[in-house]
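Spelled out from the first residue to the last, the chains are:
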Amino acid sequence: MDSKKINFKDPAEIKEEILQKYPRKVAMKRAKSMVANDTEQAKEIQSNVRTIPGIITQRGCTYAGCKGVVLGPTRDVINLTHGPIGCGYYSWLTRRNQTNTPSQDPNDKIDGENYIPYCFSTDMQDENIVFGGEKKLMEAIREAYEIFKPKAISVFSTCPIGLIGDDVHQVARAASEELGINVFGFSCEGYRGVSQSAGHHIANNGLLTHVVGRNDNGPEGKFKVNLLGEYNIGGDAFVLEQMFEELGITLISTFSGNSTITAFEQAHTADLNMVMCHRSINYIAEMMETKYGIPWIKINFIGADATAKSLRKMAVYFDDSELSAKVEAYIGKNMEIAEKVRSEVVKTTKGKLAMMFVGGSRAHHYQDLFEELEMPTIAAGYEFAHRDDYEGRQVLPGIKVDADSRNIEEISVSADPERYKPRKTEEQMAMLESKGFKFSDYEGMMAQMSNNALVIDDITHWETEKLVEYFQPAIFCAGIKEKYAVQKMGVPLKQLHSYDYGGPYAGFEGVINFYKEIERMVGTKIWQLIKAPWQGEPEIVGTVGMEI
Amino acid sequence: MLLRHTTKEIKERNALTINPAKTCQPIGAMYAALGIHNCLPHSHGSQGCCSYHRSTLTRHYKEPIMAGTSSFTEGSSVFGGQANLLQAINNMFTIYDPDIIAIHTTCLSETIGDDIVQITKKASDEDMIPLGKHVIHCNTPSYVGSHVTGYANMVKGIVKYFAENSGEKSKRINIISGWVEPSDMREIKRMSKEMGVDIILLPDTSDVLDAPQTGKHAFYPKGGTTVTDLIAAGNSKHTIALGEWATKEAAIALENKCKVPFALSELPIGLRATDRFVQALAKFGGVKVADTINDERGRLLDVITDMHQYLYGKRVALWGDPDHLIPLSEFLIDLDMKPVYIVSGTPGKDFEPRIRKALGDRADETRFKYGAQADMYLMHQWIKEEPVDLLIGNTYGKYISRDENIPFVRMGFPILDRIGHSYFPFVGYLGAIRLLEKSSGCSWTSRMRSARKRPLNW
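Overview of the structure. All values reported here derive from a predicted model rather than from experimental measurement.

If you look at the biggest cluster of nonpolar residues, it comprises 267 residues, and the most contacted ones within it are A:F370, A:L467, B:L57 and B:I175. Counting 49 residues, the second-largest nonpolar core is a separate cluster that includes A:I78, A:F120, A:V155 and B:V340.

Turning our eyes to something else, we now look at the interface of chain B and chain A. Each side of the interface is counted separately: chain B has 74 residues, and chain A has 82 residues. Summing both partners gives a buried area of about 6800 Å² for chain B against chain A, and 61% of it is carried by carbon and sulfur. On inspection of chain B and its partner chain A, the count reaches 3 salt bridges. A salt bridge links B:E74 to A:R192; the nearest nitrogen and oxygen atoms lie 3.2 Å apart. The interface formed by chain B and chain A includes 35 residue pairs in polar contact (both at pLDDT 80 or more). At the level of elements, β1 (17–18), α2 (47–61), β3 (68–69), α3 (74–79), α4 (82–96) and α5 (107–112) of chain B are the ones that each hand at least two residues to the side of chain B that touches chain A. Here the element with the most residues in the side of chain B that touches chain A is α2(B); it accounts for 10 residues.

Attention now moves to the side chain of A:T260. Residue and element names in this part refer to chain A. Examined against the element boundaries, T260 turns out to sit in the loop between β7 (250–256) and α11 (261–265). Given the relative accessible area of 16%, T260 is considered buried. Discounting residues that sit within four places of it in the chain, T260 has contacts with T74, R75 and D76.

Another point: the sheet that holds strand β13 (residues 390–393) of chain B. All names here are of chain B. With parallel pairing, the 5 strands of this open sheet are ordered in space as β12-β11-β10-β13-β14. With one partner strand each, in any of the chains shown, β12 (367–370) and β14 (408–410) form the two edges of the open sheet. Mean inter-strand twist for the sheet, computed between neighbouring axes without regard to direction, equals 15°. As defined by bridge partners, strand β11 (residues 338–344) adjoins β12 across 4 bridges and the pair is classed as parallel. Bridging across to β12, Y341 finds its partner in R367. Docked against the sheet, helix α13 (residues 322–334) engages β10 (315–319), β11 and β13, running at close to 175° with respect to β11. Across the sheet, helix α15 (residues 376–385) lies against β10, β11, β12 and β13, angled at about 155° from β11, the strand it touches most.

All names here are of chain A. Take N182: it is sitting in strand β5 (residues 182–186). The buried category is assigned to N182, whose relative accessible area is 7%. A C-alpha to C-alpha distance of 6.5 Å links N182 and I153, two positions 29 residues apart in sequence. Those residues in contact with N182 that lie beyond four places of it in its chain are K151, A152, I153, S176, H210, V211 and R214. A polar contact of 3.0 Å, which involves the side chain of N182, links it to the backbone oxygen of H210.

Now for unusual backbone geometry. Residue A:P504 is reached from A:G503 by a cis peptide bond, and omega for that bond is -5°. Tracing the backbone shows A:P504 in the loop between β14 (493–495) and α21 (507–523). Cis rather than trans, the peptide bond between B:L202 and B:P203 has omega equal to -15°. Mapping B:P203 onto the fold places it in the loop between β7 (199–202) and α9 (227–232). A positive phi angle, near 45°, is found at A:D458, a position not held by glycine. Along the chain, the position of A:D458 falls in the loop between β12 (454–456) and α19 (461–471). Assessed through its relative accessible area of 4%, A:D458 is described here as buried. One non-glycine residue with positive phi stands out, namely A:Q472, at about 45°. By secondary structure assignment, the location of A:Q472 is in the loop between α19 and β13 (475–478).

Attention now goes to the pattern of salt bridges. If you walk through the whole model with that rule in mind, you get 63 salt bridges over all chains. Where B:R276 meets B:E266, a salt bridge forms, and the shortest distance between an N and an O atom there is 2.7 Å. Separated by 10 residues along the polypeptide, B:R276 in helix α11 (residues 271–285) and B:E266 in the loop between β9 (262–265) and α11 bring together distant segments of the chain. B:E266 gets classed as buried once you look at its relative accessible area, which sits at 14%. The closest approach of N and O atoms between B:E404 and B:K384, which form a salt bridge, is 2.9 Å. On the criterion of sequence distance, the pair formed by B:E404 in helix α16 (residues 398–404) and B:K384 in helix α15 is long-range, its members being 20 residues apart. With a relative accessible area of 23%, B:E404 lands in the partly exposed category. Connected through shared salt-bridge partners, A:K483, A:K494, A:D500, A:E517 and A:R520 make up one network.

Below, the discussion takes up the packing of helix α10 (residues 244–258) of chain B against α13(B). All names here are of chain B. Orientation of α10 relative to α13, taken along the N-to-C sense of each, is 115°, at an axis distance of 8 Å. Facing E244, W245 and A246 of α10, the residues of α13 in contact are P322, D323 and I326. Here the contact of α10 with α13 is composed, by residue class, of 4 nonpolar, no polar and 2 charged.

Right, let's get into the environment of A:I129. By the secondary structure assignment, A:I129 is in helix α5 (residues 126–131). Residue classification places A:I129 among the buried positions, given a relative accessible area of 10%. Note: C-alpha distance between A:I129 and A:L163 (34 residues apart in sequence) is 9.2 Å. Leave out the neighbours within four places in its chain, and A:I129 touches A:M124, A:P160, A:I164, B:T111 and B:Y143.

Before going further, it helps to spend a moment on the sheet that holds strand β4 (residues 100–105) of chain B. All names here are of chain B. Spatially, β3-β2-β4-β5 is the arrangement adopted by the 4 strands of the open sheet, whose pairing is parallel. On the outer flanks of this sheet lie β3 and β5 (134–138), each paired with one strand and no other. Two strands pair when backbone bridges link them, and strand β2 (residues 39–44) and β4 are joined in this way by 6 bridges, in the parallel orientation. From the neighbouring strand, H42 faces β4, where its bridge partner is I103. Along the sheet, α4 contacts β2, β3, β4 and β5; its crossing angle with β2, the most-contacted strand, is approximately 155°.

Reading the values: the criteria
Residues numbered from 1 in each chain as written. Chains lettered and ligands numbered in written order. Predicted model: local features only at pLDDT ≥ 70, side-chain atom pairs only at ≥ 80, totals over all residues. Heavy atoms only, no water. Core = buried A, V, L, I, M, F, W, Y, C linked by side-chain atoms within 4.5 Å. Buried < 20%, exposed > 50% of the residue type's maximum accessible area, 1.4 Å probe, protein only. Contact = heavy atoms within 4.5 Å. Buried area = accessible area lost by both parts, 1.4 Å probe. Salt bridge = Lys/Arg side-chain N within 4 Å of Asp/Glu carboxyl O. Polar contact = N/O pair within 3.5 Å; in protein donor to acceptor, adjacent residues only side chain to side chain. Helix = DSSP H or I, 4+ residues; strand = E, 2+ residues; numbered from the N terminus. Pairing = 2+ DSSP bridges. Axes fitted to C-alpha atoms, helices over the stretch in contact; angles between N-to-C directions. Nonpolar A, V, L, I, M, F, W, Y, C, P; charged D, E, K, R; others polar.

Here it is in C-alpha cells:
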C-alpha cells in the first residue's frame, strides 16, 4: 500500500445505519452506490444511474451541464436559452467563470467581445408552448444579431422545447444562412440523461460538429496544446495561462475557461490535448484524436505534486531537452515557495479529516491538495460521474449502456481527409508507452483513496447528514445547496463549485491560496463559540470567562 | 466595462429578453412553502429546476433550502410523471418525515399535463400518506407570469387546502404576506403585537430562513405558519392581504371558501403604505394605534426631515416586483425624489394604473415598462440616455452600478452578492429608516470618492 494511504475502520456500521432509514427498494439501490474502498481488490460502484425521486439530490440537469458548464465560460458567443425565463436566469453569472477580455485594438477604447455578464432568453409564454416557439426563436436570434453583431450564437433547449417539438437545429441552420454567422443549437433538455453529465456530452458533440476545425490559422509555436476540462472558476485559467507562457507552451484553446469561439475553431491545430476534468470533456478528446490525430493525456493542475507531475508528463511527450529543463526549473522554484507555506499550514491541518462530494473530477483532484495538507479523505464521491471516473478507464468496455445513456447521441467521427495528421509515429507512441507513459488513460478516484474510505455516488442529503454526524470531519467539500446545512452542524463547508467566491486554486499560485484557505477554515475557533457560556460544557464557560 | 455591449440606441425587441427582471414561477412556490411549519417543498419536474431553485434561494438567504424533486427522465417525460411522484412522496415521508409535502409543477410537467390532484389521490389510496400528514399542491407553469405568480399560486394552494370555517368566528386577523424577507415577516408580526392585534401570518419564513446557528441542523426549523393556524385562518374575522400580485388570489380564495372578508393593501414599504397597514390593523383588529407605533412613525419623519436636503430631486431607477415597486415609488415621491425609470418583468395589467397612482402628478415624467421585454438591458439603456443618482433593486443592478458609477441599494429578490440583508426589514417605519440610511450612506460614500481631491464638509 502507498505510504500516504491509511487503513480506515470498515464503514459497514454507518452504511447499515444509513440504509436502514430507506424504503427497501431504495436501500437496495443506494447500497450499490456506497462502497468501502479496497486497496487490494478493485470494487465496482454503481454510478451514472437515475436519481431516485424524492431523496434530495445534489444533481442538476442536462441544460446546466451543457449551457452552464461547457459553453458558459466562452465570452464571444451569444448563448441564447430557448425556453421559459427561469433556466436562463438561474445560469446567469452563477458559475463564477471569469474571463479576460483583451482589447481588440490597442488604439481603440472599445474592448473585445464579452457576453458572459448578459443573460439571453426567448422567455417563452403559454402561446409559444401551444403554437410552437420556432418563430419566436428565429426572431430572437435576428434581434440578438441586429443589436450585438456577434460572430456566433448558440441556442440551448430547455425541457418544453423537446416536448413541443421545436426544431432548434433547423432554426439555427436557417439563421446561419440568413445572417452569415455561425448559429448552432443544442438539444440539451433538462430531462435527458440522468444528470449534468448528459449535457457535457451533448455540448462536446455540438462543439466538434459546429465549431472545431473551422479555422486553420491557429497561433504558431513549438509546443502547441489544448487544455480540456478547465472552466476558469475563480481565475484558475489565468494562473495556468501564465504558467504555460512562462514555459514557452502555446495554449491554442481551453475548453472552456477564459475561452473564445475563435480559439475553439483552431483547436485542431494543437499537438497535444491535456484533459483536466475527464468527466466533462473526455468525449471531445477522444473525437479529436480520431478526427485530427491529436493524442490526449490526463493531467491535473490542482495540487503542487499533481501540477509538477502533469508538467513533467507534458515535457516527456514533447521530448525536448530545453523544455524539460524549463519545466524542472519552474517546478523547483515554485515547489520551494509552496513548500514554505505548506510546512507552516500543515501544523494546523495535519491529521484532520476531509470529505468531498462534488462534481465529476473535483472530488478526486482536491484529494491531492488535502494529501499535501496531510488531511486524510475519509469519504468522497461524485455528483454526476460514471464508473470510469471512480474505477479507471479500463472498466469502460464492461459498462452496461442503459436506456438513459442510449438517449444521448453518440456522433460517429472519422479521420478528417485534410486535417488528420498523426502527431507521433506509432514507434514513438510505443516507445513512450514502454517507458510507462500513458495515453488516453485515467485511473479514477478509487485508486488513490485509502483502504475502507467510503465512496458514495450521487450522495443524498440524508447520507450527507449521517456522515457528518458519524465521522465529524474537520471540513466538508461540496456545493452551495449543501453548504449551510453542513455548517449548521458545526462543520465548515468549502464549496468546490464556486470556491466560495475565492480562488484561484489551480497551479502553484492556487495551491498556496488553497493551503491558506483550509488553514483558515479548520483553524478558526468560531465553531467553538456556538454554545453560549450558559449552555456549554464547563471548560468552554471557563475559557470564555477568562477572555472577558 | 462589464456590460460593454449595452448602448443607448434602443432597438425594438419582440422576442428577445436580455438580462431579465423576473424569473419563473416554481421558485416562488418553493419560497412560499418554506414559510409553512414542517413543510417540505417538492418540485415535480426535472432535477435541474429543483437544483436551480434551491441554489438561488440558498445564495440569497444563506440558509439550507431543503426540497425534493421528481427527477424526470426522458421516459417520464413521455409516459407522464405519476410513477416518479408517487415514489417521491413515499420516499420523502419515509426519509424526511414532513407534516406537509407542498408540490409545485414545472414547465415540463405542465406541458405533458400531469394531474397532481389525481396522482395525490392515488398516493392517498395506496396509503403512502401517513395519517395526519398532508400533500398539497399548486400549478406553476414557468411560461406564465413570474416568480411572484408562483408565490401567489402556492399561497392560494395553502389556503385552499387548509383553511376551515368551523362556524365560530375568532378575534384573529389573517395577514397574507407578499414575497419579502424573513426579517420583514418578523417585523410585520412585531408591529401587530405592538398594536395588540392577534394575527395569523401566512406564509411566515421568519425562524425558517434566518434560523440560528446551534451546532445542529434543524431540517424543519421552528418557524413557519403551523397547520393549526392555517386551519384557524378560516375562522378569522378579517384578512389583510399585503400586495396585489402575491396575495390577492389567496385572499379571494379564503373569502370564497370560509367567508373571511379581506382588505387588499400594499406591502408596508415607506411612510404612507405603512400608515395604511397600521390603519388596517387598527380598524380590523378593533384597537387604537399604539403609542410606540406613533413614536416609530415620528422617528421616521424625523429622519426624513433631517435628510431632505440630500434626497430632494434625486433621480432614481428601480426594478423588481410590482408589490415592492408601487409602495416604493410612492415613498420616493413623498421624499421629493424622482423615480424616473421603473422596470418589472412581472406581467399584470393593473401595474400601469397602480404605478401611475403611486407616482401622482409625477407619473408623466417616469418611464416604466412591465411584462415582456421589460428587462435590465432596457433599464440600462435608459440610464445611458440620461443617468440617475441612485439604483434600487436586486443583485442584477451591480454591473450597471459599476459601469455607470451610480450608488446602488440592494433590495428585493435575489440578492446574491451580499450577506446580512435578510436580517433587517425594509417594511414598516423602521424598514423605511433603513432604506433611507442605506440610500444616503451609499450616495455619500460615492460622492466622497469622486470628490477625493476636494474634501467636503461632512
